Structure formats: structure tokens, C-alpha cells
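So you can see what is in the structure, the chains are spelled out below.
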2 protein chains.
Amino acid sequence: MTLETGHRSAPASEQELLQRAAAVAGQSLAELAAMLAVQTPADLDHNKGWGGQLLETWLGASAGSQPTPDFPELGIELKTLPVDTAGRPLESTYVCTVDLQPAPGGWHDSLVWLKLQKVLWLPLVTAKNAPPGERRIGSALLWSPTAEQADILQQDWEELMELVSAGELEHISSRQGQYLQIRPKAANSRALTRSFDSDGNASLTLPRGFYLRPAFTRQILQHHFH
Amino acid sequence: MTLETGHRSAPASEQELLQRAAAVAGQSLAELAAMLAVQTPADLDHNKGWGGQLLETWLGASAGSQPTPDFPELGIELKTLPVDTAGRPLESTYVCTVDLQPAPGGWHDSLVWLKLQKVLWLPLVTAKNAPPGERRIGSALLWSPTAEQADILQQDWEELMELVSAGELEHISSRQGQYLQIRPKAANSRALTRSFDSDGNASLTLPRGFYLRPAFTRQILQHHFH
DNA sequence: CAGGATCCACGTGTGGATCCTA
DNA sequence: TAGGATCCACACGTGGATCCTG
């Protein structure tokens, strides 16, 4: 394995992407950070995305924050997934921002579907109270939803977007959705973004994001590694 | 409706049983207790089975505590089910005692299967902190497991009984089993009953029972009352 | 502002314990 | 001791809040 620093070219194929992931499987994030000449923080309190961005760099994901999959040419989205020592996901997984002034369009036009069609799940094994550097990179899983999973994701998305489109944002609860939920996605609870109410009038509300529930990502990992 | 006291003859048919159940649907347990000339306790702390036994009396279930369905001629087991005001089961449901020195025999010979083949679920609507007399009798549901439900119950039973038969009782956790679990069923944690260990030697352990998880009975009621 | 995510207080669920009757 | 069940402390899950980077 060659030690490289700085940015890296995008992988040319699924195979190359999987090889890059396999090359660091078993390593700690501190080891990967050293290879990339990046500092390892003592905690994630003020840098929650550190692990994900470290692996984006290593794997050669497109820089920047664009509403597209991380590897546009491959149609693959990268998601790191904090798991406990038994391999069970510990947190929900952010998918994308909810468009609160949505253009017309169905599930198959949605950003959620675009991003979830093919995902490279990269477990980060996180022991209790362990610092970020001690997290270990697990075996990557290149996943696409089964027909059943896609059906339920679509149902969830349609149920939620129906309310968004009707301006019923205040009637959306994080408890809705079997696999997919809508939760706040903002700097803080005072942040505001443009939306509209049920009368069609412009208004301002807390920005929201789509998230996958832990129960769903647990199912995905169990299904493949059990 | 005739007011009757004391014991009642067993119902001669499913239809008669369902009619007796329908006759008290909507009533409070205090009203039923008055009809049966039974005292209503102020709480259930020292009489947890009061509601169940009241309805056994009203419906004409066989007296006594025998390891058979409550209506042997009809092959029907009666289960009262405490539910919240939204109709969601609040507690697990006791099925029967676990035989800790089991005779050989499969799922279809088991007491669990015998009792669960046909169950009359009788919801008892229980508002928060409401006394026993204020519980209201709901609409009865005569249920038999679907093929899928029966499959999972069988899987659970086989997984659990394999451990019991191997004397691995101490390795059984209440967390095992998707629908069916094994939990203590005793006067207290010092109670002991005969069993044997993994070396085949006689020993004494806490008596256990089979229980249905609330998630399962919620599924049953939802499926029928949607 | 979109994407990279985690933090943590608090409500819900339930595993273990328990009680009465026949 | 089998059957009728419920009680309740506490672990666990998660909904709402939050933080950094490009």
C-alpha cells in the first residue's frame, strides 16, 4: 500500500473502489489519518463529520457538497456507519436535505432514490467511550435495496412528501416512516429556511433532512454478514 | 340479558361463546362484577388475575387450573388482553408453564401449540391509572395464527426447547424469541422447581413460563381491527 | 446552504419479580 | 404448582438539537 497525501483521483470502477476500501479494512481511523497526514481529534464534539470526510478523501470521492452521489460516474453513494462491537448500527443515517418547496415529481425522480440505489456502507466499529482515532474500519458492503426494501422506502417517501407538498410540514413527525424519517437538519433550532404553509403562503421553518432509521441499516448489515 | 350468579355452563358452540362475549362488550368490569355478585377490588396489586377470572366465570370457562384450553370441547383458549385507549396491548401474554423436564415431542405435540391454535382475545381497555373496575370490555376477536405466524412461533419454540432439553436453561434469555419468550413464572425469585443441568444431573431452578411479546399481540389486533 | 455526521435527555419498552386462586 | 395475570426499575432507543467543512 502506498502512502498518499492530499486529494486522490476518483476510482475508475466499482472494483477499484472496493479495492481501496478493502485496503484499509481493519485499520483504525488514527492510522488512516496518519497516512493522509491529517490530525486526529480527541473527540467528535466539534467535528462530527471527521470520519466520513477522512474516508471520502481516501476513497477519492468528489469533493464539495453537491446533491449527487459521492461517486457520480459509478452512481455510488458512500455512507460510513458507526456500529458497536457486535456490528449493530448505532445511529440513524442522513440521506439528503428535504426540499421544502418541491418541484413536481415522483419517487423515481427523487434525490432519496438517486442516492439509495447503490450505497457503499463502510462500518466504523466504535467501542463505548472510545475516542475517534480508535474507531476501526470494517468490511465494506456494496448494497442496493431489494424489491421489498425499495417498496417500503417509496411508501415512506410518498407519505412524507405528500405532507410536505401540502404545506403540512408542522404535521410531520419523526415517528412517521418505517425506514425513512424526516428530522431537523440545521445548525440549531433557530435556523430557518424558506417553505410555505397549508394556505400556500410563504413562510420560514426549521430545515429538515431525510434519515434512515437504525432498524433499517441493522437489517441491511445483518442480511449480508450474518 | 339475564343476570346470573355463580358458575355457568360451558358454551355449547363457538357461536354461543361469541354471543356471551358480545353481550358484555362495552361494559366496565365493575358492571360485570356486579352482575356476578363479585366484589371489585380497588387495585390489582394483590389480585392480578381478577379480570381474567371474572371473564372466565361469565363466559363459562372450565374451572380450575388445568393445562388445557379454557374451552376444551371447542379447542378455544381465552385470553384477556390489557390495551390502552388506542387499542394497543400493554403487557406480554402468559401462555403456559415451561416443562423443565420435557418428554420428547415436537411443536405439534406442545402445549403452546395446543393453546394457541385458537384463541379468543378479549381486550380490556385500561386508561392510565384507572382502577380495575373502570376497565372496559372490548370487542372479542376469535383468532388463529396465520401460516407465517405459526412458522415463527414454531421457530421460537424449537430454539427455546432445544436449550431446555439440553439442560442449558441458564443460557436462555428473555431476549430470545421473536414472538415467544421464556420468562420467570413464580411466586418470587427464590421459588424452585425440579430441572436438570447440562451434565444430566438433577437440579433446582426458578420456574419459567412461555409468554407472547406485546409486539406480537399488537400485530394480531392491528391486523384485525386496523 | 448542502453534505459530512454525532450528541444526549427523556420517554417507552420490557425483563425480572411478584401476587391470588383453585 | 398450574393458571389467572400485572408491577416497575432501568436499559435502550431515538427525536430533537447541534457542529464543522466546502
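Predicted model only: the values in this text are computed from it and were never measured.

Participant: Got a minute to help me understand the environment of B:R194 in this structure?
Facilitator: Residue and element names in this part refer to chain B. Structurally, R194 is set in strand β7 (residues 193-196). The exposure class of R194 is exposed, given its relative accessible area of 63%. Put simply, R194 and H46 are 148 residues apart on the chain and 27 Å apart in space, counted from C-alpha to C-alpha. Excluding anything up to four places from it in sequence, R194 contacts L100, Q101, S203 and L204.

Participant: When you look at the protein's contact with DNA strand D in this model, what are you seeing that I'm missing?
Facilitator: Neighbouring residues of DNA strand D: 47 residues in total, closest A:H46, A:K48, A:S174, A:Q181 and B:K185. Between DNA strand D and A:K48 there is a distance of 2.6 Å, counted from a base oxygen to a side-chain nitrogen or oxygen. One of the backbone N or O atoms of A:A186 is found 3.4 Å from a base oxygen in DNA strand D. Within the residue set of the surface near DNA strand D, elements represented by two or more residues are β6 (180-184) of chain A together with α3 (50-59), β1 (77-83), β2 (93-97) and α4 (111-116) of chain B. For the surface near DNA strand D, the per-class residue count stands at 10 nonpolar, 17 polar and 20 charged.

Participant: What is the right way to look at the environment of B:Q27 in this model?
Facilitator: Residues and elements named next belong to chain B. With respect to the helices and strands, Q27 occurs in the loop between α1 (14-24) and α2 (29-35). On the accessibility criterion, Q27 (13% relative accessible area) is buried. In sequence terms Q27 and P11 are 16 residues apart; their C-alpha atoms lie 20 Å from each other.

Participant: How do you make sense of the packing of helix α1 (residues 14-24) of chain A against helix α3 (residues 50-59) of chain A when you look at a structure like this?
Facilitator: Axis angle and axis distance: for two packed helices, these are the angle between their axes and the distance between the axes, and together they describe the pair. All names here are of chain A. Axis separation between α1 and α3 bottoms out at 10 Å; the angle between their running directions is 125°. Considered as vectors, α1 and α3 are oriented oblique to each other. The handedness of the crossing between α1 and α3 comes out as right-handed. Contacts from L17, R20, A21, A23 and V24 in α1 reach L55, W58 and L59 in α3. Taken together, the residues that form the contact of α1 with α3 break down as 7 nonpolar, no polar and 1 charged.

Participant: How should I be thinking about the confidence of the model for chain A in this particular structure?
Facilitator: Parts of the prediction with low pLDDT should not have their coordinates interpreted in detail. In the predicted model, chain A carries a mean pLDDT of 94, and the fraction of residues at 70 or more is 96%. Below a pLDDT of 50 lies the segment residues 1-6 of chain A, which in the model reaches 11 contacts outside its immediate sequence neighbourhood of four places, other chains included.

Participant: Can you walk me through the protein's contact with DNA strand C in this structure?
Facilitator: By nearness alone, 45 residues border DNA strand C, and A:K185, B:H46, B:K48, B:S174 and B:Q181 come closest of all. Counting only the atoms of DNA strand C that lie within 4 Å of the protein, the sugar and phosphate share comes to 59%. In terms of residues, the surface near DNA strand C owes the most to one element, strand β1 (residues 77-83) of chain A, which gives 4 residues. Its residues placed into classes, the surface near DNA strand C shows 10 nonpolar, 15 polar and 20 charged.

Participant: I keep staring at the sheet that holds strand β9 (residues 208-212) of chain B and nothing clicks. Help me out?
Facilitator: Strands pair in a sheet through their backbones, by hydrogen bonds, and they do so in one of two ways: parallel or antiparallel. Residues and elements named next belong to chain B. What the 3 strands build is an open sheet, ordered β2-β9-β6; its pairing is antiparallel. Only two strands of the sheet have a single partner each, and these edge strands are β2 and β6 (180-184). Neighbour-to-neighbour, the strand axes of the sheet open up by a mean angle of 40°, direction not taken into account. As paired elements, β2 and β9 share 4 bridges and run antiparallel to each other. For T97, the partnering residue across the bridge sits in β9 and is G209.

Definitions and cut-offs
- Residues numbered from 1 in each chain as written.
- Chains lettered and ligands numbered in written order.
- Predicted model: local features only at pLDDT ≥ 70, side-chain atom pairs only at ≥ 80, totals over all residues.
- Heavy atoms only, no water.
- Helix = DSSP H or I, 4+ residues; strand = E, 2+ residues; numbered from the N terminus.
- Buried < 20%, exposed > 50% of the residue type's maximum accessible area, 1.4 Å probe, protein only.
- Contact = heavy atoms within 4.5 Å.
- Near = heavy atom within 4 Å.
- Polar contact = N/O pair within 3.5 Å; in protein donor to acceptor, adjacent residues only side chain to side chain.
- Nonpolar A, V, L, I, M, F, W, Y, C, P; charged D, E, K, R; others polar.
- Axes fitted to C-alpha atoms, helices over the stretch in contact; angles between N-to-C directions.
- Parallel < 35°, antiparallel > 145°, perpendicular 65-115°, else oblique.
- Left-handed = near helix turned anticlockwise from the far one by under 90°.
- pLDDT = per-residue confidence, 0-100.
- Pairing = 2+ DSSP bridges.

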